[in-house]
Amino acid sequence: MRGIIDSFLRVGRMVFAPTKTREYPEVKPVLPPRTRGRIVLTRDPDGQERCVACNLCAAVCPVDCIEVVKAETPDGRWYPETFRINFARCIFCGFCEEACPTSAIQLTPDVELADYDRGFLQYEKPDLLIAGEGKHPGYRYWDVAGKAIAGKVQAPVDPKDLCP
Amino acid sequence: MKITVNGRDLTVEPGHDLLTTCLSHGIEVPHFCWHGDLGSVGACRLCAVKVFDDPDDTTGRLEMACTTPVRDGQRVEVMAPEAERFRARIIEWLMVNHPHDCAVCEEGGACHLQDMVVASGHRHRRVSVAKRVHRNVDHGPFLTQEMNRCIGCYRCLRFYRDHAGGRDFEVIGAHDRVWFGRTEPGALDSPFAGNLAEVCPTGVFDDRWWSRHYARPWDMAATPAICTHCAVGCNITLFEHGGTLRKVQNRTHGAVNGSFLCDRGRFGPMAAEAERPLFPSRKGGEIPWVEAVADARALVAQGAVGIGSPRASLEANFALRRLVGEDRFFAGVSDDEAALVRRMAEILRAGPGRIASVRDIGRADAALVLGEDLTGTAPRAALALRQAARGAEKRLAAEKGVPEWMDAAVRVAGEGRRSPIALVTPRPDALDEVATWPLRRPPAEVAAFGRAVAAALRGEPAEPQAREVAAALAAANAPLLVAGAGLGLAGPAEAMAEIARALGPKAMVALFPPEAGSLGLALLGGAGIDHAARALEAEPRPVIVLDAALPDRAPADTVERLMAAATTVMVLDWLNGPLSARADLMLPVSAPVEAAGTWINHEGRAQRSFAGRPSDLVPAWRLLAPLCGGTETTLDEMLAALAHDCPDLAAVTQAAPGAAAGPVARLPARASGRTARDLAGRLPDGQPRQDADSALVWSMEGAHGLDAPPALRTDAGHHSASGAWAGTDGVGGPVTGGDPGVLLLHPGTGAAGQPLADRTGTEGLAVLPLHDPFAASAADRASPPLAERAPRPRLLMHPGDAAHLGLAEGALVLLDGVPAPAPLALDASVPPGHVALTGARGHGLFVTVEAAP
C-alpha cells in the first residue's frame, strides 16, 4: 500500500516539473551561433565572392569532402569555378572554417540537412553561396593581400628611384 | 679533410663551401639565394651558421655557410641559438615586404620561402609599415610575374643572364625597390625561360599554363617521365589532376638534365591537351572499336608493310616490327635519314671517343660543333655547352685562389676568359656569343672543315683556322665533338668520327639524332620509306603507319608514292596529323605522356617513361600485340618479348624496375577532395585507376620520396623544386641510389663501318633546315603554349639567288611545284645556292624554287 502511494506521489510530482521535451520540428530549437551545421560561402562587404579558391579548406578536411577548382578573373582575382562539399561525408568538424584565410567558408547553426537521396547531399557552389558576410562583417581579404588586382588603390614604387 | 657539424664528424672533400658540404651530407641548412647550379653569392644571409676554427675555439662566430670554404678541423653548429636567432631575424626582414597572399599564389604548398619561414619559426609580424608595391609586366605565354612577392635573392637573374645567356632580363632599382624581369612586355627570348618558375624560390615567376589550369601541388599526381621532344631525353615529372596535365617539372638526372629543362620540354607535353582523335575512323567516318580492330586484323592477314616512327617508343616500334616481320618493317623516315641514324649508332659504338652525356658536355674544356644548331635541335645540350664555355674562366679564377662555387667572384677573377669553342654552322647561331671561333660554312663544306681539323691533328697541312681549332682540341683534357642530323647530311658526323680517331680516347663525342625515338628505331633496323615505297610499287600491300612523324621526316613525294602504292593505309596516331585524315583506317593511340615506354636518347641511354595522364586510349604496342597472336598485356611482358627477340637490346629491361617493385604512390599523402564526389561508398567513378605497366599507383598508397626506386621517384621528400638537392648523392651528383636508365652503346664494341656519302649537285637549290627551339615538329606545335610562343615558319634565301630567280622579299613561291609554307624573306646570312626553310628536313635535298602564279 505504501508502495502504491509512493509511486503516485513520484508520478504526481512530475506533472508539475518543468518539461524537457522540445516539440521539434514544430518548435525550432534556438542553437548558439557557433553551432557547427550547414556550411556556407559568404561574400565581401562589396558583395563579391570571398572565396579565393586557395584550397586550404580542402587540404585540412579530415574526410576530404571538399573540392575546389581555381579560376581567375581577367583582373587577377582568384575565385572558385567549382566549390563542392559532400555533406554525406562531412563531419562538421569546422576545420575548414578555421583554415580559411578569407573568412569565406563558415559553418552555420542550420543542422537540418537530412535528405532522401545521397546525391542531394553533394552541394555545389550555388547551393553554398549566401548573400551576406556571415560572422565577420567588414573583412575583405583583397584589402590585406599583396596581390595586384584591378581597382586596388596601390602606389607602385619607382624602381628607377635610386634614393636610399 | 675532417670537419664537425652539429657534433657529427664528417670526412669531406676540400674545395667546397660549407653550405654545399652540409647539404651533400644530408644536414639541412636554411638557404635562399644559393642554388646548386648557380653557386653562392651571399645575397640573402639566411644560411648563417656558427663556425669554430678548431676544438680550442670556444667563441666562434657567425658566418654565411654559402660563402665560407670548408677548412680542416672546422666545427660548425647549425642550430646554435645565436645562429637560429640571426636566421629568424633575416626571415622577418624578408617578410617585411612579402605580401600576405599565399592563398592566391600558385607556389603555395611547394614554396621554398614558405618552408624557410616555417623552419625559422617566424609567425607574427611586428612591423606595421606598408608593404612596397611593384608593377608587373606581361612575360609571355610561359610565365606569370607577381613582383610583390620578390625577396631579392637574384636567382632569376643569375639563371637567366649568367647561366642561360639571356639578355632581355634586367634588375633595376636599389634598396628594397629592386625589380627583376623584362622591362618591356613580351615573351622572354631565351628558350630556357621556363626554368625561372622553378628557380624562383617564391611565387614571382610561375608557370603560366599551370596557373591557368591550376591545382594545388599537394593535389596533383606526379609521374616520372622522359621528355620526347628531342633526342636528349631529359627526365621530367608530369603533374596531373582530374585527368588533365597541369604542369611539367624538372626531375633531376645527374648525367642528363641536372636541374634545368628547355621550354620545349617543359611545355611540349601539353600537346596531350590539344584536340585529339578519340575514336577510330574509316575514311574520316567514326567506326566502333570492334570494327576497327577487325579491319586491322584483316590488313595484317593480307601481309601488311609496317612503317615505324622516330616519335614512337621502342616498344611500339618493336610491336609493329614483330607484327609485320623484319622484312616488311621500314623506318618512317627518308632512306638517307635512316642510314644516317644507323651510322651514328655505328660511329658511337666504334669509338674510340667516349660518348658524352649532357653533364660531360658541360664539363668539356674545348669543343667543336659541326653543323649542328644545338639550341634548335637539342636545347638542353646547348645550355650545357654554355657552361662548358665558362671552364677557362673558372680555371683562371682558381689559379688566383677564387674557388669555383663563388660565382660572382669567379666572373670577375676569370676576366671573361672562355674555353675554346668552335662553332661551324651555315648561319649565325645562338651559341655564337660563347664561341671562340664562330665559323660560317655552307652545309656541304662543314664536313670539309672537320676533315681539315682531323688532318691538322694528324700533322698534315690544313687551313689556318682548322689548325687553330685542332691545336685547341689537342691541348684540351676533355675535348668535345658535337655533330648531328640537323643539316640532314652525314658529312658532319663522319668528319666528327675522323677527328675523334685523330684525338684518341680522350675525345668525347655527342651525336644528336633528329627525334626522341630515332636511335631506338635505328637499333631495331629497317630501311627508310624510299625502300618501302619501292617494295610496295613492286608488290602492292596494305601499309600500317605508326605515328604522325612521316610527313615531317620524309620528302613529300616519297610519302605520296607510298600512299599511292599501298592498297590500304592504316595509321596509328595520337594527333590529328595530315596522314590521319587521308588514312583508310585510323586508330587513335595514347600520347607519349599517357603510356609507359622506353626511349633511347642520343648517348644510347635507355630510359623508361610512365603514364602521367590517364587516357581511355591504349598505347600502340598494346593495340598491335594481339593482332599477331601476342599475349602481352603489360609493359613488362612486352619488354620480355623484346629482350627475347632482340638480344642486343635486352638491357632495356633494366632501365627501370617492373610492376612488381611497387607500389609507389603518385599522389602525395596530403591529397584532398577524394570523397567530394563520392556518395558515401558509392563511387561514381569506380575504383582508383589501375596502371598495369608500372609499379606506380594512382593513389597515395605506397612508397613516397626517396623510398621509391630512383627511376620511379618524383620528389626528394621536400615540398619545393628548390629542395631537389636532397635527392642526389651530393649537390650536383647522381640521383641517390644511382642515375636511372641503362647505357646500350659502348664505345670500342663495334666495327668502324663504311662512311656514308652525301648526295651532291642536282637541279635547283639545296635545302637548309631551320630549327626552332620552341617547335621542332608537329608534336611540339600541337602544344597550346608552344604554339603561342613559336615563331611563324620562315623561308629564307640569299638576295643574290632571289635576284637571279627574279623573286622579291615577301614573294609567294613554289618549292618543287608545291606552295611554300611562308612568304620569302631575303637574308644575306643564307649561303648562296641554298633555301632555308623552317621544319624542312635536309636529307641532301634539292628543290626548284619559282614564283607562285
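Residues numbered from 1 in each chain as written. Chains lettered and ligands numbered in written order. Predicted model: local features only at pLDDT ≥ 70, side-chain atom pairs only at ≥ 80, totals over all residues. Heavy atoms only, no water.

Caption draft 1: The domain arrangement of chain B, seen in detail. Residue and element names in this part refer to chain B. When its domains are assigned, chain B resolves into domain 1 (2-94), domain 2 (281-333 + 520-672 + 683-743), domain 3 (350-513) and domain 4 (765-851). If you average the C-alpha positions of domain 2 and of domain 3, the two centres end up 34 Å apart. Counting residues at the interface gives four residues for domain 2, matched by eight residues for domain 3. Summed over the three residues of domain 2 that lose the most area to domain 3, namely His602, Glu603 and Gly732, the buried surface amounts to 87% of that side. At the junction of domain 2 with domain 3, the criterion picks out zero salt bridges. The tally of links between domain 2 and domain 3 comes to zero residue pairs in polar contact (both at pLDDT 80 or more). (Domains from an automatic or database assignment. Contact = heavy atoms within 4.5 Å. Buried area = accessible area lost by both parts, 1.4 Å probe. Salt bridge = Lys/Arg side-chain N within 4 Å of Asp/Glu carboxyl O. Polar contact = N/O pair within 3.5 Å; in protein donor to acceptor, adjacent residues only side chain to side chain.)

Caption draft 2: Fine view of the UniProt feature "binding site: [4Fe-4S] cluster 2" (unreviewed entry) in chain A. According to UniProt, the "binding site: [4Fe-4S] cluster 2" (unreviewed entry) feature falls on Cys61, Cys90, Cys93 and Cys96 of chain A. A stretch of 36 residues holds the annotated residues, and the largest C-alpha distance among them is 10.6 Å, short enough that they meet in one place. Secondary-structure assignment places Cys61 of chain A in the loop between helix H2 (56-60) and strand E2 (66-72). When residues no more than four places from it in sequence are discounted, the contact partners of Cys61 of chain A are Ile66 of chain A together with Arg670 of chain B. Among the secondary structure elements, Cys93 of chain A is positioned in the loop between strand E3 (78-86) and helix H3 (95-99). According to the relative accessible area criterion, Cys93 of chain A is partly exposed, its value standing at 21%. Contact partners of Cys93 of chain A, with chain neighbours within four places excluded, come to Arg36 and Pro62 of chain A. (UniProt positions renumbered as here; feature names shortened; annotations may be inferred. Helix = DSSP H or I, 4+ residues; strand = E, 2+ residues; numbered from the N terminus. Buried < 20%, exposed > 50% of the residue type's maximum accessible area, 1.4 Å probe, protein only.)

Caption draft 3: Inspection of the sheet that holds strand E32 (residues 795-797) of chain B at higher detail. All names here are of chain B. What the five strands build is an open sheet, ordered E35-E32-E36-E31-E37; its pairing is mixed. This sheet does not close on itself; its edge strands, each paired only once, are strand E35 (824-826) and strand E37 (846-847). By the bridge criterion, three bridges tie E32 to E35 in an arrangement that is parallel. Bridged to Leu795 within E35 is Leu824. (Pairing = 2+ DSSP bridges.)

Caption draft 4: Inspection of the UniProt feature "binding site: [4Fe-4S] cluster 1" (unreviewed entry) in chain A at higher detail. Residues and elements named next belong to chain A. UniProt feature "binding site: [4Fe-4S] cluster 1" (unreviewed entry): in the numbering of this structure it lies at Cys51, Cys54, Cys57 and Cys100. Spatially, the listed residues are clustered: although they cover 50 residues, their C-alpha atoms lie within 10.4 Å of one another. Mapped onto the elements of the fold, Cys51 is located in the loop between strand E1 (39-41) and H2. Apart from residues no more than four positions distant in its own chain, Cys51 is found in contact with Leu41, Trp78, Tyr79, Pro80, Phe83, Thr102 and Ala104. Turning to its location among the elements, Cys54 is positioned in the loop between E1 and H2.

Caption draft 5: Focus on the pattern of salt bridges. A complete count under the given rule lists 65 salt bridges over all chains for this structure. A salt bridge links Lys125 of chain A to Glu49 of chain A, with the shortest nitrogen-to-oxygen separation between them at 3.0 Å. Here Lys125 of chain A, found in helix H4 (residues 125-128), pairs with Glu49 of chain A, found in the loop between E1 and H2; they are 76 residues apart in sequence, far enough to count as distant. Taking the relative accessible area as the measure of exposure, Lys125 of chain A reaches 15% and is therefore buried. Between Arg553 of chain B and Glu515 of chain B there is a salt bridge, and its shortest N-O distance comes to 3.0 Å. Of the two residues, Arg553 of chain B is situated in helix H21 (residues 550-553) and Glu515 of chain B in the loop between strand E22 (508-512) and helix H19 (518-524); the sequence distance between them amounts to 38 residues. Glu515 of chain B matches Arg553 of chain B in its accessibility class, with the two residues each being buried. Through salt bridges with shared partners, a single ionic network connects Asp44, Asp46, Arg50, Arg77, Arg140 and Asp143 of chain A.

Caption draft 6: Representation of the nonpolar core in the model. Residue and element names in this part refer to chain B. Counting 185 residues, the largest nonpolar core has Leu368, Leu385, Leu480, Leu481 and Leu572 as its most contacted members. Not counting the four nearest positions on each side in its chain, Leu481 is found in contact with Leu368, Leu473, Met496, Ile499, Ala500, Leu503, Ala507, Met508, Val509 and Ala510. Counting 24 residues, the second largest nonpolar core, distinct from the first, contains Val12, Cys22, Trp34 and Val51. (Core = buried A, V, L, I, M, F, W, Y, C linked by side-chain atoms within 4.5 Å.)

Caption draft 7: Focus on the packing of helix H9 (residues 314-324) of chain B against helix H25 (residues 635-645) of chain B. Residue and element names in this part refer to chain B. For the pair H9 and H25, interaxial distance at closest approach is 10 Å and the crossing angle is 60°. The angle between H9 and H25 places the two elements in the oblique class. Seen from above, H9 lies across H25 with left-handed handedness. Residues Leu314, Glu315, Phe318, Ala319, Arg321 and Arg322 of H9 pack against Leu635, Met638, Leu639, Ala641, Leu642 and Asp645 of H25. (Axes fitted to C-alpha atoms, helices over the stretch in contact; angles between N-to-C directions. Parallel < 35°, antiparallel > 145°, perpendicular 65-115°, else oblique. Left-handed = near helix turned anticlockwise from the far one by under 90°.)

Caption draft 8: Local environment of the packing of aromatic side chains. The final tally for this structure, using the stated rule, is eleven aromatic pairs over all chains. On the basis of an interplanar angle of 55° and a centroid distance of 5.3 Å, the ring pair of Trp78 of chain A and Tyr214 of chain B is categorised as tilted. Here Tyr214 of chain B lies in the loop between helix H6 (208-212) and strand E10 (221-226) and Trp78 of chain A lies in strand E3, a pairing that spans two chains. Given a relative accessible area of 0%, Trp78 of chain A falls into the buried group. Residue Tyr214 of chain B is classed as buried on the basis of its relative accessible area, which comes to 4%. Each ring, one from Phe142 of chain B and one from Phe774 of chain B, has its centre 6.0 Å from the other, and the planes form 40°; the classification is tilted. One end of the pair, Phe142 of chain B, is in the loop between helix H3 (112-120) and strand E6 (143-145); the other, Phe774 of chain B, is in the loop between strand E31 (765-770) and helix H26 (778-781), and 632 residues separate them in sequence. (Phe/Tyr/Trp six-rings, centres within 6.5 Å; stacked < 30°, edge-to-face > 60°.)

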